[in-house]
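Descriptive structure summary
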Amino acid sequence: MECLDDNVLTAYLEHLLAPEARRAVEAHLDTCEECLAITCEVVRSGQPGSAIATAVAETIGRYEIRDLIGRGGMGAVYVAYDPQLERRIALKIVRTSAFEDPKIRARLSHESRAMAKIRHTNVVSVYDAGELDDGVFIAMELIDGVTLSRWQASSERAWAAIATMYLAVGRGLVAAHAAGVVHRDFKPDNVLVDRDGRPAVTDFGLAVGLADPAGDAVVGTPRFMSPEQFASEAIDARSDQFSFAVALYEALYRQAPFAGTTASELATSVRAGAITARPADTAVPLALHRVLERALRVPRSERYPDMHAMLHDVAAAMPRRSRWPWFAGGAAVVAAAATVALVLRGGGEAAPTTAKRTTLLIPRFANTTGDPRLDDVLDVVAADVIYRSTTLEPLAGLELVRAAKATGGTDPDAIAAKLPGRTTIVVRGTVGPGFDVALDGQTRHAGSTEELVVAVADLARDLRRRRGDDSVAEDPPPSSSIDALHDYAQATLQVASGDFKGAADRLRHALSLDPHFVTARVSLGLVLYNLSDQKGAIAAMEAAIEEADRLPERLRLQLLGDYYGTIGKYPEAISAYQRYLARWPGDARTEINLIATAIDANDFALAYELAKHTVEEHPETDVVRANFVLAELATGRLKEATTDGLRMLDELPRPSDFSFAFVAMAQVLLGDRAGATRTWGRLARYSPELAAQGMADQAIYEGRLDDAFALVDPWAQLGIIMNSPRDTRAELLMRSRIRLARGDRAGAAADATLVMDSGEPRPDYIAASLAVAAGDLDGADARAHAWQNLDGLEARMYGKLLEGDLALARGTPAAAVTAYREATRMAPLWIARARLARGYVAADQRTEAQREIAWCLEHRGEGAVFLTPTVSLLVELEAAHKAILVK
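Residues numbered from 1 in each chain as written. Predicted model: local features only at pLDDT ≥ 70, side-chain atom pairs only at ≥ 80, totals over all residues. Heavy atoms only, no water.

1. Some remarks on the overall build of the chain
Tallying secondary structure elements over the chain gives 42 helices and 18 strands in all. By sequence separation, contacts in the chain at least 24 residues apart represent 61% of the contacts at least 6 residues apart. (Helix = DSSP H or I, 4+ residues; strand = E, 2+ residues; numbered from the N terminus. Contact = heavy atoms within 4.5 Å.)

Given below as structure tokens:
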């Protein structure tokens, strides 16, 4: 058995253990001198547990031991205090005779330090590590929570909730594997779940050789060990995959995948690949069971190639959640500004870098050629080459402008001196008549603008070599066309100012000049996504993917994340971003888009944890602050969203338009309608159209239909007059809703029809639903049927919702309830639960209706993620809630 923890030892000394358990403890004490010594000390003290807390020195290094958290087979974990950083930590002290083996000592020390470099929301942060005479100590993040084992046992949990939790856990393993760290002993007891439900994997790499009954050395906990571990073979990431699959199998089915009560019996079952039969009455999808079967295969070559691939299939077997295009058009993918600028990585003015990286600050080249195109492209070309470095990091272009804003300086040397946590070197370039170009003291001569681009790229490569980076590859600059590069740089500025249409035009022109300008094509895809042109965005991204091999690994991972996020494959996008951050931590642009993707995936708890971390590092970045407020809103932290949101609006010189929208919605949902009105008024100075939407939405919520109509009608009319109803889709849908509430069914149907069939599932469903409610059933059956036969779960869910809407319109509420239930099983979105509540009300199923309405009202902040603005969707629910209570 494992070493005794505090609870077991106390129960043993107080004679509370069953006879069999008592015999097991005594057998362990016969073989473990450490546990025997502690037991004797406890007996002498007369206070069970007290000696355990003092069985180590009062300090380890600079850390002061405060209390015992628990003990295990490899050592103990204590609450400790770090006086240098003035914070409480968890201090794990690992002592075992295995440390007599210098190879094991070296591996554990190496992997402990490797873990300290990993920053991931699903991995316990390691702050420090060091060797002791007979072991190692590891200073870690102190998590207030329980183990995953206890989380699983604390209540009866649905299979989807368990799979969702394990997806997050698996992402932690992906991040560790990307850093070259194998866990070696993955099990639910090595995962901590905090009070907000965030899991974090701990104890990476700490498993060492243990003796099995046959006398061979095995590594790990037998119940979760892979065939190669039982065979004492080399362990790799696929061994972790096997252990992960064992744990998930047990959690889903409440039974082990392999029979056996002893290590020998388990070894026989595991080596034979004898997986126990799938329970006949399980709700776990067969597709998910097949994922587990593959991950549990005996030959490693037949398992998934990596954890990322396995998680992809786990996610594919679950109900797919939907994307929120309004979010992309507003706050979150203002991060696209960072993507458009090749050298602007996330909009963070002073994004932290690892200690080994040096920042090269590259101002605009001094240009005396008389050609204004050269004012803003050569620094981009140089930065592009330096950006591919593993030891150097460029600061140029728009990112340099933002750094100047953050530090309050304009002179490059002054900016460099004020950037915290960096080694920063200013690198200057010049270009003169005759295309003589210099960078960091080295010169080249070019015969044309095209040769000039190549010359600057060559100078940047030389600079990398002279600065100690020997990873230089002869890859080409982003484009050889000065005009294309000029368009690209201008598009960056347009995106930063919110002019997505202008940026799209610029990028299209750049691509007409250079069709192989892959970074411009990626940027075009994100800009089109911001403009709600889903089809165009996907087309641009797919074209970029075809040329992804022309990109360095850093940009390739960004592209994969952006591409998967655009097409709605959120687990893949999250994995790509996390693999990126495992190698290049602190990249604000990638952190921002990871948060956006988590919200798109409706993984609001993950989004909140990510945003909370990012906002601490980048408090001056508007998109970071806005995402944090939205994550607070989506997780029901309405007071915090209001407080933090108002502070954001006051502290930032120019918050994004959707920042105001998020704050106003939080205020309305919290009951501060007067405050929301003031916030919408502040927004009107920057975006009168969005402000009109918000004020109209609030007016509908308050029952002021005439005021709402007067606010949105001018914008809706403008879209019709300009023959661009797509551009005023929100106003037309809102006008349709107002007309329906007024009894103007024909007008409501006409407005809804104007914006129908755009190709985007969510607004198309809203339009179709309004048309059905207005009595226009023509084409609705065909549309519902067509959506239910599409590939994506999101589209199929909307097909089911529309089927339910049709059933209600035809007076068959029982059929509506059936359809709505199926929709919620496909994707339990807030809108699906709200529609199910409507069905229960119509069917006079009051208990069920009350349950669903209560859930929707409790999660009303999550509803705000459905569309922006959206508080008016609560009107029907609140009215039904009051009616049921009266009855």
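Having seen the structure, we can now continue with the description.
2. Things to note about the packing of helix 22 (residues 534-545) against helix 23 (residues 553-567)
Put simply, helix 22 and helix 23 touch, their axes get as near as 10 Å, and they point 150 degrees apart. As far as their axial angle goes, helix 23 and helix 22 are roughly antiparallel. Note that helix 22 runs across helix 23; the crossing there is left-handed. The segment helix 22 lies against helix 23, with Gln534, Ala537, Ile538, Met541, Glu542, Ala544 and Ile545 engaging Leu559, Leu560, Asp562, Tyr563, Thr566 and Ile567. (Axes fitted to C-alpha atoms, helices over the stretch in contact; angles between N-to-C directions. Parallel < 35°, antiparallel > 145°, perpendicular 65-115°, else oblique. Left-handed = near helix turned anticlockwise from the far one by under 90°.)

3. Concerning unusual backbone geometry
Positioned with a positive phi, Arg254 is a non-glycine residue whose angle comes to about 60 degrees. As for its placement among the helices and strands, Arg254 is situated in the loop between helix 9 (237-253) and helix 10 (263-272). Owing to a relative accessible area of 45%, Arg254 belongs among the partly exposed residues under this scheme. Of note in the backbone geometry, Phe435 takes a positive phi value of approximately 60 degrees without being a glycine. Looking at where Phe435 falls in the secondary structure, it is placed in the loop between strand 16 (429-432) and strand 17 (436-439). Its relative accessible area of 21% is what places Phe435 among the partly exposed residues. (Buried < 20%, exposed > 50% of the residue type's maximum accessible area, 1.4 Å probe, protein only.)

4. Topic: the sheet that holds strand 15 (residues 423-426)
The three strands lie next to each other as 14-12-15, forming an open sheet whose pairing is parallel. Among the strands making up the open sheet, the edge pair consists of strand 14 (392-396) and strand 15. Taking the axes of each pair of neighbouring strands and ignoring which way they run, one obtains an average angle of 30 degrees across the sheet. Relative to strand 15, strand 12 (residues 358-362) runs parallel, the two sharing four bridges. Each residue of the ladder has a partner; that of Leu360, found in strand 15, is Ile425. (Pairing = 2+ DSSP bridges.)

5. Describing the packing of helix 7 (residues 159-178) against helix 9
The N-to-C vectors of helix 7 and helix 9 enclose an angle of 165 degrees; their axes lie 11 Å apart at closest approach. By the angle between their axes, helix 7 is roughly antiparallel relative to helix 9. Pair helix 7 / helix 9 crosses with right-handed handedness. Here helix 7 contributes Trp159, Ile162, Ala163, Tyr166, Val169, Gly170, Leu173 and His177 to the contact with helix 9, which in turn contributes Ala237, Asp240, Phe244, Ala247, Leu248, Ala251 and Leu252.

6. Focus: the nonpolar core
Core analysis: the biggest nonpolar cluster contains 102 residues, and Leu633, Met797, Leu801, Trp830 and Leu877 have the highest contact counts within it. Counting residues per element, this core draws most heavily on helix 29 (residues 657-670), at 10 residues. Beyond its immediate chain neighbours, meaning those up to four positions away, Leu633 contacts Leu638, Ala641, Phe662, Met665, Ala666, Leu669, Gly861, Glu862 and Ala864. Judged by nonpolar contacts, the second largest core, of 53 residues, contains Val123, Leu173, Val191 and Leu266. (Core = buried A, V, L, I, M, F, W, Y, C linked by side-chain atoms within 4.5 Å.)

7. A few points about the sheet that holds strand 13 (residues 366-367)
With mixed pairing, four strands are arranged side by side in an open sheet as 13-16-17-18. The sheet is open, and its two borders are formed by strand 13 and strand 18 (442-445), each paired with just one other strand. Sheet analysis places strand 13 next to strand 16, joined by two bridges and oriented parallel. Within strand 16, the position partnered with Asn367 by the bridge is Val431. Lying on the sheet, helix 18 (residues 449-466) is in contact with strand 16, strand 17 and strand 18; it crosses strand 17 at an angle near 25 degrees.

8. What to know about the environment of Arg198
Topologically, Arg198 is positioned in the loop between strand 8 (191-194) and strand 9 (199-201). Counting along the chain gives 410 residues from Arg198 to Tyr608, while the straight-line C-alpha distance between them is 9.8 Å. Ignoring any residue separated from it by four or fewer positions in sequence, one finds Arg198 in contact with Thr121, Asn122, Glu141, Ile143, Leu192, Val193 and Glu609.

9. Notes on helix 7
Working note: α-helix, 3.6 residues per turn, so residues spaced by three or four point in the same direction. The terminal C-alpha atoms of helix 7 lie 28 Å apart, and with 20 residues this matches the ideal 28 Å at 1.5 Å per residue to within 8%. Phi turns positive, to about 85 degrees, at Gly180, one or two residues after helix 7. (Expected span 1.5 Å × (residues − 1).)

10. As for the side chain of Gln558
Relative to the helices and strands, Gln558 resides in helix 23. Given the relative accessible area of 7%, Gln558 is considered buried. Of note is the side chain of Gln558, whose polar atom sits 3.4 Å from the side chain of Thr590. (Polar contact = N/O pair within 3.5 Å; in protein donor to acceptor, adjacent residues only side chain to side chain.)

11. Observations regarding the confidence of the model for the chain
When the pLDDT values of the chain are averaged, the result is 79; 81% of them are 70 or greater. Within the chain, the lowest mean pLDDT, 21, falls on helix 13 (residues 325-329), and the highest, 95, falls on helix 9. When the criterion is pLDDT under 50, residues 44-56 qualifies, and its contacts beyond four places in sequence or with other chains add up to 25 contacts. Long-range and interchain partners of residues 319-356, a stretch whose pLDDT sits below 50, account for 172 contacts in this model, where long-range means more than four residues apart. (pLDDT = per-residue confidence, 0-100.)

12. A closer look at helix 22
Between its first and last C-alpha atoms helix 22 spans 16 Å; for 12 residues at 1.5 Å apiece the expected length is 16 Å, and the two agree. Contact partners of the buried residues in helix 22: helix 21 (518-530) and helix 23.

13. Regarding the pattern of salt bridges
Across all of its chains, the model carries 40 salt bridges by this definition. With a closest N to O distance of 2.4 Å, Asp462 and Arg444 form a salt bridge. In this pair, Asp462 sits in helix 18 while Arg444 sits in strand 18, placing the two residues 18 residues apart along the sequence. By relative accessible area, Arg444 is classed as partly exposed at 30%. Glu852 is the salt-bridge partner of Arg851, the closest N and O atoms lying 3.6 Å from each other. Given the relative accessible area of 5%, Glu852 is considered buried. A cluster of three or more residues bridged by salt bridges with shared partners is formed by Glu228, Glu233, Asp236, Arg238, Arg300 and Arg303. (Salt bridge = Lys/Arg side-chain N within 4 Å of Asp/Glu carboxyl O.)

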